[in-house]
Each structure stands twice: as C-alpha cells, then as structure tokens.
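Architecture and fold: a report
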Amino acid sequence: PVNEVYFGFELVKKYNDKLWVHADTLSDFAKSFILPKAEEPPFTPFEFNRRPSQKIVVGNLDVGGDAVPRVELEVKASLSNVEKVRDEIIFSAKPFLRDGAKSEFTSITTDCIDDVKAIQAALNEKFVAPILSVSVSQMLTAKALVNSVDKIRLNIKRGDVPFEKEGLQHLVGRAAIEFSFVKTDETDTAIAEILTRLAEKCRAVGLERAMFSIQAKDIIYPYRRLAQAFKKAQITFPIVLRYDARHVQPTNNPHAKIPDSTIDASTLCTVAVQLGTLLCDGIGDAVALCSNLLRGDELNLVYNILQATRYRMTKTEFISCPSCGRTLFDLEEVTAKIKARTAHLKGLKIGIMGCIVNGPGEMADADFGYVGTGVGEISLYVGKEVVERHIPEAEAVDRLVELIKRHGKWQEPEASLAEETQS
Ligand code: SF4
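Just so it is clear, the structure is predicted and the values come from calculations on it, not from any experiment. (Residues numbered from 1 in each chain as written. Predicted model: local features only at pLDDT ≥ 70, side-chain atom pairs only at ≥ 80, totals over all residues. Heavy atoms only, no water.)

**Notes on the overall build of the protein**
To keep it simple, the criterion reads: For the purposes of this entry, the term helix denotes a DSSP run of H or I that reaches at least four residues, the term strand denotes a run of E that reaches at least two, and both are numbered from the N terminus. Any two residues whose heavy atoms approach within 4.5 Å at even a single point are treated as in contact. Throughout, the Shrake-Rupley method with a 1.4 Å probe supplies accessible areas, and for residues the shown protein chains are the sole cover considered.
The secondary structure content of the protein amounts to 14 helices and 15 strands. Put simply, of all contacts in the protein between residues at least 6 apart along the chain, 67% involve residues at least 24 apart. Total accessible area computed for the protein in this model is approximately 21000 Å², and 54% of it derives from carbon and sulfur atoms.

**Structural notes on the side chain of Asp281**
Operational definition: Three labels apply to residues, based on accessible area from a 1.4 Å probe with only protein chains included: buried if under 20% of the type maximum, exposed if over 50%, partly exposed otherwise in between. Two N or O atoms form a polar contact when they lie within 3.5 Å of each other; inside protein one atom must be a possible hydrogen donor and the other a possible acceptor, and for residues adjacent in sequence the pair counts only when both atoms belong to side chains.
Assignment of secondary structure puts Asp281 in helix α9 (residues 265-281). With a relative accessible area of 9%, Asp281 lands in the buried category. Here Arg224 takes part through its side chain, which lies 2.7 Å from a polar atom of the side chain of Asp281.

**A look at the sheet that holds strand β10 (residues 286-290)**
In plain terms, the rule: By definition, two strands form a pair when at least two bridges between them are found by DSSP. Simply put, an axis is a line fit to the C-alpha atoms, just over the touching stretch for a helix, and the angle between two N-to-C directions goes from 0 to 180 degrees.
Pairing is parallel in the open sheet, where 8 strands are placed in the order β8-β7-β6-β5-β4-β3-β10-β9. Where the open sheet ends on each side, the last strands, each with one partner, are β8 (210-215) and β9 (240-244). For this sheet, the mean angle separating the axes of adjacent strands, direction not counted, is 20°. As defined by bridge partners, strand β4 (residues 105-109) adjoins strand β5 (residues 131-136) across 5 bridges and the pair is classed as parallel. The residue bridging Ile108 from the neighbouring strand is Val134, located in β5. Most of the contacts of helix α7 (residues 188-205) go to β8, to which it runs at about 165°, and overall it touches β6 (151-156), β7 (176-182) and β8.

**Notes on the site of the ligand**
Threshold: Only heavy atoms are used to decide nearness, and a residue is near a molecule or strand if one of them lies within 4 Å of it. All residues other than Ala, Val, Leu, Ile, Met, Phe, Trp, Tyr, Cys, Pro, Asp, Glu, Lys and Arg, Gly among them, are scored as polar; the first ten of these are nonpolar and the last four charged.
Taken together, Cys321, Pro322, Ser323, Cys324, Arg326, Thr327, Gly354, Cys355, Asn358, Gly359 and Glu362 form the complete shell of residues around the ligand. Here the shell around the ligand is built from residues that sort into 4 nonpolar, 5 polar and 2 charged.

**Things to note about the nonpolar core**
Filter applied, for reference: Residues belong to one nonpolar core when they are buried, are Ala, Val, Leu, Ile, Met, Phe, Trp, Tyr or Cys, and are joined through side-chain atoms within 4.5 Å.
If you look at the biggest cluster of nonpolar residues, it comprises 72 residues, and the most contacted ones within it are Phe179 and Phe212. Sequence-distant contacts of Phe179, defined by excluding residues within four places in its chain, comprise Leu154, Ile156, Pro162, Leu168, Leu171, Leu198, Cys202, Leu207, Ala210, Met211, Phe212 and Ser213.

**Thoughts on the packing of aromatic side chains**
What counts is decided by this rule: The aromatic pairing rule takes the rings of Phe, Tyr and Trp, using the six-membered ring of Trp, and pairs them if the centres are within 6.5 Å, calling planes under 30 degrees apart stacked, those over 60 edge-to-face and the rest tilted. Sitting over a ring, as applied to charges here, requires NZ of Lys or CZ of Arg to be within 6 Å of the ring centre and within 35 degrees of the ring normal.
Counted under the stated rule, the structure contains 5 aromatic pairs. A ring pair is formed by Phe48 and Tyr311, whose centres lie 5.8 Å apart and whose planes are at 85°; its orientation type is edge-to-face. Here Phe48 is found in the loop between α2 (28-34) and β1 (56-58), whereas its partner Tyr311 is found in the loop between α10 (295-308) and β11 (317-320), with 263 residues between them in sequence. An angle of 45° between the planes, with centres 5.6 Å apart, marks the rings of Phe212 and Phe237 as tilted. Of this pair, Phe212 sits in strand β8 while Phe237 sits in the loop between α8 (220-232) and β9, placing them 25 residues apart in sequence. Among the aromatic residues, those joined into a cluster by ring pairs are Phe179, Phe212, Phe230 and Phe237. One residue, Arg197, lies across the ring of Phe163, its end atom 3.9 Å from the ring centre. One residue, Lys405, lies across the ring of Trp410, its end atom 5.3 Å from the ring centre.

**Quick notes on α9**
The test is simple: Expected span of a helix: the number of residues minus one, times 1.5 Å. At any given residue, the bend is defined as the angle formed between two axes, one fitted to the seven residues that end at that position and one fitted to the seven that begin there.
The terminal C-alpha atoms of α9, which comprises 17 residues, lie 23 Å apart, in line with the 24 Å expected from a rise of 1.5 Å per residue. Maximal helix bending in α9 amounts to about 25°, located at Val273. Within α9, 12 of the 17 residues are buried, leaving the element largely enclosed by the surrounding structure. In the segment just after α9, Gly282 is the residue with positive phi, at about 95°.

**Examining the environment of Ile319**
By the element assignment, Ile319 lies in strand β11. Ile319 sits 16 residues away from Thr335 along the chain, and the two C-alpha atoms are 9.6 Å apart. Apart from the residues lying within four places of it in its own chain, the contact partners of Ile319 are Lys349, Ile350, Gly351, Ile352, Met353, Glu362 and Ala366.

**So, the pairing of β9**
The element β9 is largely enclosed, with a buried count of 4 among its 5 residues. Of the strand pairs in this sheet, β9 and β10 are connected by 5 bridges, and their pairing is parallel. Across the sheet, the residue bridging to Tyr243 is Leu289, located in β10.

**With respect to the pattern of salt bridges**
Condition: One side-chain nitrogen of Lys or Arg within 4 Å of one carboxyl oxygen of Asp or Glu is enough to make a salt bridge.
Scanning all chains against the criterion turns up 29 salt bridges. One salt bridge in this structure joins Glu104 and Arg70, with 3.0 Å as the shortest N-O distance. Of this pair, Glu104 sits in the loop between α3 (82-93) and β4 while Arg70 is found in strand β3 (residues 70-74), placing the two residues 34 residues apart along the sequence. We classify Glu104 as buried; its relative accessible area is 9%.

**Things to note about the environment of Thr189**
Locating Thr189 in the fold gives a position in helix α7. Between the C-alpha atom of Thr189 and that of Ala229, which follows or precedes it by 40 residues, the distance is 8.5 Å.

**Things to note about the packing of α9 against α10**
Here is the rule: Working rule for angles: under 35 degrees goes down as roughly parallel, over 145 as roughly antiparallel, 65 to 115 as roughly perpendicular, anything else as oblique. Should the near helix be turned anticlockwise from the far one by less than a right angle, the crossing is left-handed, and should it be turned clockwise, the crossing is right-handed.
Contact geometry for α9 and α10: axes closest at 10 Å, N-to-C directions at 40°. In terms of axis orientation, α9 runs oblique to α10. Crossing of α9 over α10 shows right-handed handedness. On α10, the residues that touch Leu268, Val271, Ala272, Leu275, Gly276 and Leu279 of α9 are Leu301, Ile305 and Leu306. Partitioning the contact of α9 with α10 into residue classes produces 8 nonpolar, 1 polar and no charged.

**So, the packing of α3 against helix α4 (residues 113-125)**
Helix-helix packing: each pair is described by the crossing angle between the helix axes and the interaxial distance. At a minimum axis separation of 9 Å, α3 and α4 run at an interaxial angle of 60°. The angle between α3 and α4 falls in the class oblique. Handedness of the crossing formed by α3 with α4: right-handed. Counted together, Val82, Val85, Arg86, Ile89 and Ile90 of α3 and Ala118, Ile119, Ala122, Leu123 and Glu125 of α4 form the full contact between these two elements. Residues belonging to the contact of α3 with α4 are distributed by class as follows: 8 nonpolar, no polar and 2 charged.

Structure below.
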C-alpha cells in the first residue's frame, strides 16, 4: 500500500483536473448551456463488448475483428543515423524473453522516400523484415510508397483531408493506410464527422485496408465520439488508439518512481488512463504509443495495459489483497514464493488473499486462489470453489502447484520459454 499511495494521488489529480466545471454548483439554467446533452454512448457501460470491426491484413498480421490489439512503437533515433534506426527496429521487433512483448509495427516519420529506402536496405542486409509503418504528411509520399511498405500513416489536418475519389484510389496497394487526424481546435464531433465521411469514401473506392486514428492531448472523448459516429454509419474499419505521451511532465516525487525503470507515476497514470479507458470501452484494434520512456519500459507499459484490460494475457496475473489487520500470513513473502514458482505460466490468474472474510470475493476473477483461513492454514480454490481446506501453510505453495498441474494448466519453465522464443 505504501508504494500505491503515490499512484492513487496521481489518479485523483487527473480526475480533479478534468472537473473544471463543478456541475453540482451550477443552476439548471447554466447547466443547459455548459453540459452537453447525454447521448447514447458507443459502448455499454455495464458490460464489456468489443467494438465490432472488420479484419484487415497488415504485413502478415491481422488487425481488427477478433485479432488481439496490435502494438506499434515509434523509432526514437534520428533517421540520419540509418544503422541506429535499423538496430532499434530490430530490437523493438524482437520478443522480450519471459513475456514475449514486442513492437509488431515499428514506425518512422518521414516524407523523404530516400530515408525509407535506406532503412529498408539496411534491414535487408540483416535479413530481417519487420512490419514497417511509415508516417507521412503528404499525399504524394503516401502514393509513392503505397507498394513498397506494409503500412502508411497519413497524418491529416482539417483542410487537407483527401476526399477526392481519384486521390484515394491511388492509395489502394500493398500498404494498409491509417488515416490519422491531427486535432487542433476542432470539436470532437467535427473530427468524427470528417473521419466518417472519409471512411465512407474509402469504402466507395474499394480501399478496404484502411484504419483510423486521432492525435490529441486527451484522446478519450474524440475516440468515443468517433466510435459512436462509425457505429451510426455502420463503418467497421479498425481503429488505432494513438497516444503521444511526450508532453507528460514526470513528477519530481522520488517515491513515485518504479525501481529500475524510466516510468514514473505521472506517465504511468496518464498513459494507462488514456489508453486503458478506451480499451475498457471496447474501442481499439491497435495501440500506438510514443513516449520519452526507454524502449523496454514502453513495451512493458503497453503490454501491462493490454493485460490489465484482459486483451492480451502475456504473463501470469497475480491478484493479491493489499493486506490488513486480518491478514493471516506474510503476504509479501508468500506472494514472492508463489511468483517464483508460477510467473512463467502465461495467461493464468492466481489470487492470493490474506483472509477468508473478503478474499474470495476480491479474487472472483482468478483461475486459482490461495486464501488464509486460520493461523498457519490455507485453503485453495479453483475459480470460486474451495477444493482443499485448512492445509498447513508450509505445504500450501507445493499443493497449489500440484493443483495447477492436475487441472492441466502447468508448463515446465523451459517449455514456456522455448514457446515464447518461437512466437
Ligand atoms: S482479503 Fe482479508 S486480509 Fe486481505 S485486505 Fe481484504 S480483509 Fe484484509
């Protein structure tokens, strides 16, 4: 709990910052001007439903439909240093051992065709062909690259949206096209209307491998508005959640830092709130993050958000209670012991609860549970059902492992490592 306090403060601050209008202090007359009329949201707030989208192929990967949300990260090195860019792309596209996290699309930003050619040649020399996403601002560059790369992000601003049929037809080719609206002072509704019109044009000219995104400081409301407009117009193109966190000021509180990483509470909370909220709404077929974090931290953060929102279970999930006066064993020590034995079991959820009073309720979502039921006594759960009662604490971790094995969910650590390396 001591470590969680700072993150709690950060979350509350983010919420309070948004309350620039205190609705409860306004008269009904004032509210009618300031507060927008409630409309049907593009998601059901009481249950999870992923926004239905059509599956398209980008490089050799599916995006949209029932495919897991894909991950895209931006190259940080200067494009003038081709070798550094090449090495960064190779590093990002290589799965991290243990949880297999990797950047499935790696993005470079340039309108210079020669830059792209130089980087592709450098990658060819190393016999690697990651899925390159080229971010361009000019239609001419997009047209020139459409048959030589797998993905193009066309950054568009109000006034330069390519609505003409002829222009869009030139974008039908090898590359999937992400139309990315750069928000300035437009309303969220205006952006949603522009992108809906553009999506309808894409459909009309047969540009089927299109995706849509918005670039803004606060992406939650514009994306919700977009999903709502797409739903109304029955548009099912995939939506890319794109977030640039480079503006986030790290907190100067030394306690609000995660040891051995560049992630601080402010960056973690901002990115988690922006991307996580939309993923929980069911919106997002790909997640693209740009930040000042080190590449490994960036990958970890994105995968943790995808894991927490239950889209991509890349590692074991431990759901432990914060501990309190009722806790019947040393929660930190036991959690560490269980982690040491089971952290390689991809996708499994294990609940570790200090007592029987609240524990089973708090871990209702877990596959297996370890719950204190008396001094030195543990009960084990499979889902919500108790399967072993009051076993001695000294044997409990071994018995939990046996239980996982009996239910066919066990993998030897070496086997799971080999599987990760291949995937
Ligand atoms: S599960 Fe029990 S021990 Fe853990 S915090 Fe809740 S009440 Fe306390």
